[in-house]
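# Architecture and fold: a report
Below are the chains, spelled out letter by letter.
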Amino acid sequence: MKSKVAEMMIAPSLLASNQSCLGQEAERAERSGADRLHLDIMDGHFVPNISFGPQVVQAIRPLTKLFFDVHLICSQPDILLEPFAKAGADEMIIHVELGEQVPSLIHKIKSLGKKVGLAINPPTAIASVRLFLKQIDLLLVMTVNPGFGGQEFIPQCLPKIRQAQGWRREKNLSYRISVDGGINDQTAAECARAGADTTILFGTPSLKVAVKKMRQIVNENQPGAGGWESLKSTGESNSPDSFLCIQKLHLPEWRNPK
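Residues numbered from 1 in each chain as written. Predicted model: local features only at pLDDT ≥ 70, side-chain atom pairs only at ≥ 80, totals over all residues. Heavy atoms only, no water.

### Let's talk about the sheet that holds strand β4 (residues 115–120)
By definition, the strands of a sheet pair up through backbone hydrogen bonds, in either a parallel or an antiparallel sense. Read from one edge of the open sheet, six strands run β1-β2-β3-β4-β5-β6, paired in parallel fashion. The open sheet terminates on both sides in strands that have one partner only, identified here as β1 (36–42) and β6 (176–180). The sheet shows a mean angle of 25 degrees between the axes of neighbouring strands, taken without regard to direction. Direction of pairing for β4 relative to strand β5 (residues 138–142): parallel, over a ladder of four bridges. For L118, the partnering residue across the bridge sits in β5 and is L139. (Pairing = 2+ DSSP bridges. Helix = DSSP H or I, 4+ residues; strand = E, 2+ residues; numbered from the N terminus. Axes fitted to C-alpha atoms, helices over the stretch in contact; angles between N-to-C directions.)

Structure, rendered in structure tokens:
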């Protein structure tokens, strides 16, 4: 059975924005015409880095109507699910590498009334997610090892995307396929051709331009698409750097607007 071509989504990553003014950056993401805001939550255990907690999500939630995509790159996400749900998360993504914890985590996220995402790291076999595909709303294929930005795309992850797309089509499922890490014009096109719905772009001079260009790239290369969809109207960026991801757009180095 042939699955319907999903509408592409672009989700800037708050982690890659100017950390001194997260609220303004969240508002800027919405003005750009992005679809979601991606929030990477790192605990210093699952990966050797720390980001931010529920208080940050709660503080910026009133400032934007964007869908909040919370990626819990954490060893014990069970203690964080309720706080992030109360803070304003719309979807919470956990890692399949957590093994036996995964079924109960999926159940708890659903019980909190939130959408469920499942992430998979580059070294992990794609077969590990198959059991959960009917229970999730999003599959996040990491195309770099999580923890730090600026890494190069791992091309060996492309077969995972193709397999996830194949299962989705075969079983007529509706989970989104998102990719995260090392995305540029070339790798965004490769991921879109493989079946990804969403990607990451680094170092662009304007968020408005970046969102437009990414929409064009992914829609032109999406399986079954006969060209790219009409672009959303987007707001002007008030910073010369931008942070885009299909599932994220990153601001590598923020500079004060001139």
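On we go.
### Looking at helix α7 (residues 207–221)
End to end, α7 covers 21 Å across 15 residues, agreeing with the expected 21 Å (1.5 Å per residue, within 8%). Taken together, the buried positions of α7 are occupied by L207, A210, V211, M214, R215, I217, V218, N219 and N221. (Expected span 1.5 Å × (residues − 1). Buried < 20%, exposed > 50% of the residue type's maximum accessible area, 1.4 Å probe, protein only.)

### Side note on the packing of helix α6 (residues 185–194) against α7
Running from amino to carboxyl end, α6 crosses α7 at an angle of 40 degrees, the nearest separation of the two axes being 7 Å. Classified by the angle their axes make, α6 and α7 are oblique. Note that α6 runs across α7; the crossing there is right-handed. Facing D185, A188, A189, A192 and R193 of α6, the residues of α7 in contact are K213, M214, I217, V218 and N221. Taken together, the residues of the contact of α6 with α7 sort by class into six nonpolar, one polar and three charged. (Parallel < 35°, antiparallel > 145°, perpendicular 65-115°, else oblique. Left-handed = near helix turned anticlockwise from the far one by under 90°. Contact = heavy atoms within 4.5 Å. Nonpolar A, V, L, I, M, F, W, Y, C, P; charged D, E, K, R; others polar.)

### Some details on unusual backbone geometry
With a phi close to 55 degrees, N172 is a non-glycine residue in the positive phi region. Of note, N172 is situated in the loop between α5 (158–171) and β6.

### What about the confidence of the model for the protein chain?
Scored by pLDDT, the protein chain comes out at a mean of 82, with 81% of its residues at no less than 70. Taken together, the stretch residues 1–5 has pLDDT below 50 and engages in 11 contacts with residues farther than four places along the chain or on a different chain. Low confidence marks residues 226–258, where pLDDT is under 50. Its contacts with residues over four positions away, or in another chain, come to 140 contacts. (pLDDT = per-residue confidence, 0-100.)

### Regarding helix α1 (residues 22–31)
Listed in full, the buried residues belonging to α1 are L22, G23, E25, A26, R28 and A29. At its buried positions, α1 is contacted by β1, α2 (54–60) and α7. Just beyond α1, the residue with positive phi is G33, at close to 95 degrees.

### Regarding the environment of K86
Relative to the helices and strands, K86 resides in helix α3 (residues 81–87). When the C-alpha positions of K86 and L112 are compared, they lie 9.0 Å apart, and in sequence the two are 26 residues distant.

### A few points about the environment of E25
Locating E25 in the fold gives a position in helix α1. For E25, a relative accessible area of 2% translates into the label buried. Measuring from C-alpha to C-alpha, the distance between E25 and P12 comes to 9.6 Å, with 13 residues separating the pair along the chain.

### Here we look at the packing of aromatic side chains
Overall, the coordinates contain zero aromatic pairs when judged by the stated rule. One residue, R36, lies across the ring of F67, its end atom 4.1 Å from the ring centre. The ring of F68 has R61 sitting right over it, with the charged end atom 3.6 Å from the ring centre. (Phe/Tyr/Trp six-rings, centres within 6.5 Å; stacked < 30°, edge-to-face > 60°. Lys NZ or Arg CZ within 6 Å of the ring centre and 35° of its normal.)

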